[in-house]
Amino acid sequence: MEDNRFTDNRISKKKERKNPSRETCESAIQRILFTEIASNGANTHFKKAGDFMPYFESLYIPSPALTKQVQRAVNHLNFPKDENGFYIIGKTEIQIESENSIRDLLEGSSVTITSSEIPSVLFLQLPVDLIDIVSRKLLANPFIKKQIITVVKSIDGILIFTENPDELKVYLNDFIELSED
């Protein structure tokens, strides 16, 4: 009689493994896609559930049940696809639609992007009821308007982007000092 304690069970262990859960498949699929993007810069291999099967078949016994489980995981992840049909990870269908909408708007127009050093920002803290009025008045003043790149209203004041912060600050301080007298 043979002692079973000393037999090699490594061969039979692969056969004993059950199929992975859908969640396990999802996690593996996401890791595969993240690795693909990290190494290639984009997904250029995975368009359908079957493209993931070599990975799963290296770990589990190939079977129709394994194929179904991988298909369920891919369907549940509901990845959007790019224009070539490859899965996109990290974005939802709504994000893709939004990006396509922006792309369509910008594509047909003569939009230019200008990069420059970020200008200085001055914050003028104001009562809420004065924010709109002061913004309009600042932009209506020819001297101040030349100093301002843009004005952004905030909850409790105005952010003024300028390339000449010192000059504008002196000018604005004159108003504040006059109102305090």
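Residues numbered from 1 in each chain as written. Predicted model: local features only at pLDDT ≥ 70, side-chain atom pairs only at ≥ 80, totals over all residues. Heavy atoms only, no water.

Peer 1: Can you help me understand the pattern of salt bridges in this one?
Peer 2: If the charged atoms of two oppositely charged side chains come close together, the side chains can form a pair. Counted by the stated rule, this structure contains 5 salt bridges. Arg22 is the salt-bridge partner of Glu26, the closest N and O atoms lying 2.7 Å from each other. Residue Glu26 and its partner Arg22 are both found in helix H2 (residues 22–40); the two are separated by 4 residues, about one turn of the helix. For Glu26, a relative accessible area of 11% translates into the label buried. Since its relative accessible area comes to 25%, Arg22 is described here as partly exposed. For Asp132, the salt bridge identified is with Lys153, shortest N-O distance 2.7 Å. Placement of Asp132 in helix H6 (residues 131–140) and of Lys153 in strand E2 (residues 148–154) is noted, with a sequence separation of 21 residues between them. (Salt bridge = Lys/Arg side-chain N within 4 Å of Asp/Glu carboxyl O. Helix = DSSP H or I, 4+ residues; strand = E, 2+ residues; numbered from the N terminus. Buried < 20%, exposed > 50% of the residue type's maximum accessible area, 1.4 Å probe, protein only.)

Peer 1: Honestly, the layout of surface pockets in this entry has me stumped. Any pointers?
Peer 2: Empty space among the atoms becomes apparent when a probe as large as a water molecule is rolled across them. A volume near 280 Å³ is recorded for the largest pocket. Forming the walls of the largest pocket are 15 residues, and the residues nearest its centre are Asp82, Glu83, Ile88, Lys91 and Ile96. For the lining of the largest pocket, the element with the most residues is helix H5 (residues 93–107), which contributes 4 residues. Grouping the constituent residues of the lining of the largest pocket by class yields 6 nonpolar, 3 polar and 6 charged. (1 Å grid on protein atoms, 1.4 Å probe; cavity = no way out; pocket = protein on both sides within 12 Å on 5 of 7 lines; lining within 4 Å. Points joined across faces, edges and corners; volume = space filled by probe spheres on them. Nonpolar A, V, L, I, M, F, W, Y, C, P; charged D, E, K, R; others polar.)

Peer 1: Just checking my understanding: could you explain the nonpolar core for this structure?
Peer 2: If you look at soluble globular proteins, the nonpolar side chains tend to sit buried side by side. Within the largest apolar cluster, 19 residues are counted, with the highest numbers of intra-cluster contacts made by Ile29, Leu33, Phe52, Phe56 and Val70. For Val70, the contacting residues outside a window of four places in its chain are Cys25, Ile29, Ala49, Phe52, Met53 and Phe56. Counting residues in hydrophobic clusters, the runner-up holds 12 residues, among them Leu124, Leu126, Leu138 and Ile158. (Core = buried A, V, L, I, M, F, W, Y, C linked by side-chain atoms within 4.5 Å. Contact = heavy atoms within 4.5 Å.)

Peer 1: Teacher, can you tell me more about the pairing of strand E3 (residues 157–162) here?
Peer 2: Side-chain positions along a regular strand alternate between the two faces of the sheet. The pairing of strand E1 (residues 120–125) with E3 spans 6 bridges and is antiparallel. The residue bridging Leu124 from the neighbouring strand is Ile158, located in E3. In terms of strand pairing, E2 meets E3 through 6 bridges, oriented antiparallel. Within E3, the position partnered with Lys153 by the bridge is Ile158. (Pairing = 2+ DSSP bridges.)

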